[in-house]
Amino acid sequence: MQHDSAGYWTATLSLIRNVLIVWFVVSYGFGILLAPVLNNIHLGGYPLGFWFAQQGSLYIFVALIFYYAKKMGQLDEQFDVHED
């Protein structure tokens, strides 16, 4: 167990940055910028770019929430700032 507040915040901000990057790439990149290219692929009868813009980004966002919660719990344990 560590008690390094600077290390804790560095790890926390790194996790937040990485989650936001994934969210941005999926929602803006796949849903808007790459939509014309992805529309050549169909998923469930719908163009993939349209699917990412309407549904896929929401699914990824919910998955990121669970991932973030799990990783923050691990960071809290690692730096001994968890609730007992």
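Cut-off values and rules
- Residues numbered from 1 in each chain as written.
- Predicted model: local features only at pLDDT ≥ 70, side-chain atom pairs only at ≥ 80, totals over all residues.
- Heavy atoms only, no water.
- Helix = DSSP H or I, 4+ residues; strand = E, 2+ residues; numbered from the N terminus.
- Contact = heavy atoms within 4.5 Å.
- Buried < 20%, exposed > 50% of the residue type's maximum accessible area, 1.4 Å probe, protein only.
- Phe/Tyr/Trp six-rings, centres within 6.5 Å; stacked < 30°, edge-to-face > 60°.
- Expected span 1.5 Å × (residues − 1).
- Bend = angle between axes of the 7 residues up to and from the residue.
- Polar contact = N/O pair within 3.5 Å; in protein donor to acceptor, adjacent residues only side chain to side chain.

Trainee: Could you give an account of the side chain of S57, naming the residues involved and the relevant values?
Mentor: By secondary structure assignment, the location of S57 is in helix 3 (residues 48-78). Leave out the neighbours within four places in its chain, and S57 touches V26, S27 and F52.

Trainee: Please give an account of unusual backbone geometry that cites residues and values.
Mentor: Positioned with a positive phi, D80 is a non-glycine residue whose angle comes to about 55°. Inspection of the secondary structure assignment puts D80 in the segment after helix 3. Judged by its relative accessible area of 31%, D80 is partly exposed.

Trainee: With reference to specific residues and values, describe the packing of aromatic side chains.
Mentor: Using the criterion set out here, one finds 7 aromatic pairs in the structure. Ring plane angle 75° and centroid distance 5.3 Å describe the contact between Y8 and W9, whose orientation is recorded as edge-to-face. Look at Y8 and you get buried, because its relative accessible area is 12%. The interplanar angle of 50° and the centroid separation of 5.9 Å between the aromatic rings of W51 and Y59 together place this pair among those described as tilted. Judged by its relative accessible area of 23%, W51 is partly exposed. Classification of Y59 as exposed rests on a relative accessible area of 51%. Of the aromatic side chains, those joined through ring pairs into one cluster are F30, W51, F52 and Y59.

Trainee: Would you mind going over helix 3 in detail, with residue names and values included?
Mentor: The end-to-end C-alpha distance of helix 3, which contains 31 residues, comes to just 39 Å, noticeably less than the 45 Å that a straight helix rising 1.5 Å per residue would cover. Considering bend angle alone, the principal kink of helix 3 is centred on Q55 and spans about 50°. Of all the positions in helix 3, only L48, G49, F52, G56, S57, L64, M72, L75 and D76 are classed as buried. Two residues or fewer after helix 3 comes D80, characterised by a positive phi angle close to 55°.

Trainee: Residue-level account of helix 1 (residues 5-33), with values.
Mentor: The end-to-end C-alpha separation of helix 1 is 39 Å, in line with the 42 Å expected for 29 residues at 1.5 Å each. Of the positions making up helix 1, those classed as buried are G7, Y8, T12, L15, V19, V26, G29 and G31. On its buried face, helix 1 sits against helix 2 (35-38) and helix 3. Its side-chain oxygen 3.4 Å from the backbone nitrogen of A6, D4 forms the N-cap of helix 1.

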